[in-house]
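Each chain, letter by letter, is given below.
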Amino acid sequence: MFLIKLKKINLPLLASLVLFGLACNLKPNNGISIMYLFDVSGSFYKYALPSSIELADRVFKDISNQSSGLSVFPQIHQVGVINQQSVNISSQCYVKIDQHNIFDINKKNPDLEECLKNIRKSKPSKYTDIDGALFYASRALRGNEYYGKGIVIFSDLHEDVPKVKKFKYDLSGVSVFVVHSPSQEQINDERLIANDEIKLIQKLVDHGANKNSIIISTLVSVTTNPDQVKSFFRKSFKNNR
């Protein structure tokens, strides 16, 4: 008798209930947010920053491309610096990109030029406060509604501050792509490169980032193939959900 009653269940209704249950288990999808952090200290400012800014523009255009980029919108792209007081960034610079519809054929996307222009105009810093920059980034990326959250770091990775401060911040669910350009000091002693990379990864993991959602590449490598940044975020955002 019980089996007979089951056969009388409205199949469309049953399907709707199943889909509703699946939807309740999915994380919200309100676009992506990416922060670009630029080291403006020491030799990096003079030798690597110009190339990093040009590369960031290419990465931004690659990710935000409506047809071949990350097909998740809206997108928020933010820019910040790594200097001696990264935690006290005075002004926030960002652009938001919405998905085009069939009536926006000739509409142009916002670009990141004004934000990058601010980085070009920035003054060189005596110190490198990576921890403060990550604290700032964590606050700028705060919110659980995003499909994905990411940070792109352009730096020699050598943290140098006169007085070390410990900041509390949460990088859970944040994917981090590091573009490393070694300093002259690191070139002279390659052990410093390995040590600084290990320290950065440990810092990110200690603050909640998944080790599998962190990648360190070189400025030369990413300049040759900037598409690897988009590919990394596409895979990492999916895995973090």
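Whatever comes next refers back to the structure up there.
About the criteria used
Residues numbered from 1 in each chain as written. Predicted model: local features only at pLDDT ≥ 70, side-chain atom pairs only at ≥ 80, totals over all residues. Heavy atoms only, no water. Disulfide = S-S within 2.5 Å. Helix = DSSP H or I, 4+ residues; strand = E, 2+ residues; numbered from the N terminus. Buried < 20%, exposed > 50% of the residue type's maximum accessible area, 1.4 Å probe, protein only. Pairing = 2+ DSSP bridges. Axes fitted to C-alpha atoms, helices over the stretch in contact; angles between N-to-C directions. Contact = heavy atoms within 4.5 Å. 1 Å grid on protein atoms, 1.4 Å probe; cavity = no way out; pocket = protein on both sides within 12 Å on 5 of 7 lines; lining within 4 Å. Points joined across faces, edges and corners; volume = space filled by probe spheres on them. Core = buried A, V, L, I, M, F, W, Y, C linked by side-chain atoms within 4.5 Å.

S.K.: Quick rundown of the state of the cysteines? Include the residues and the values.
M.R.: Summed over all chains, the structure comprises one disulfide. A sulfur-sulfur distance of 2.0 Å marks the disulfide that ties Cys93 to Cys115. Between Cys93 and Cys115, the S-S torsion sits near -90°, and that sign places the bridge as left-handed. Within this pair, whereas Cys93 is found in strand S3 (residues 93–97), its partner Cys115 is found in helix H4 (residues 113–121), the two being separated by 22 residues in sequence. Comparing Cys93 with Cys115 shows no difference in burial state: the two are buried.

S.K.: Tell me about the sheet that holds S3, and please be specific about residues and values.
M.R.: Judged by pairing direction, the sheet is mixed, and its six strands sit side by side in the order S3-S2-S1-S4-S5-S6 without closing on themselves. Edge positions in the sheet fall to S3 and strand S6 (214–218), since each has one partner strand and no second. Put simply, the sheet's adjacent strands are angled 15° from each other on average, direction ignored. Where strand S1 (residues 32–39) lies against strand S2 (residues 75–82), eight bridges are found, and the strand directions are parallel. Bridge pairing in S2 links Tyr36 to Val79. Most of the contacts of helix H7 (residues 190–206) go to S6, to which it runs at about 155°, and overall it touches strand S5 (174–180) and S6.

S.K.: Give a detailed account of the layout of surface pockets, specifying residues and quantitative values.
M.R.: In this structure, the largest pocket encloses a volume near 490 Å³. If you go around the largest pocket, you meet 25 residues; those closest to its centre are Asp129, Asp131, Glu159, Val161 and Lys165. Elements supplying a minimum of two residues to the lining of the largest pocket: helix H5 (130–140) and H7. No other element matches the six residues that H7 contributes to the lining of the largest pocket.

S.K.: Before we move on, can you summarise the nonpolar core with the specific residues and values?
M.R.: Ranked by size, the top nonpolar core spans 36 residues in total, and within it Tyr36, Phe38, Ile63, Phe154 and Phe233 carry the most contacts. Here the element with the most residues in this core is helix H3 (residues 42–64); it accounts for nine residues. For Tyr36, the contacting residues outside a window of four places in its chain are Ala56, Val59, Phe60, Ile63, His77, Gln78, Val79, Gly80, Leu112, Val152 and Phe154. If you look at the next biggest cluster of nonpolar residues, it comprises 24 residues, including Ile130, Tyr136, Ala140 and Leu157.

Read these as geometric descriptors, not functional statements.
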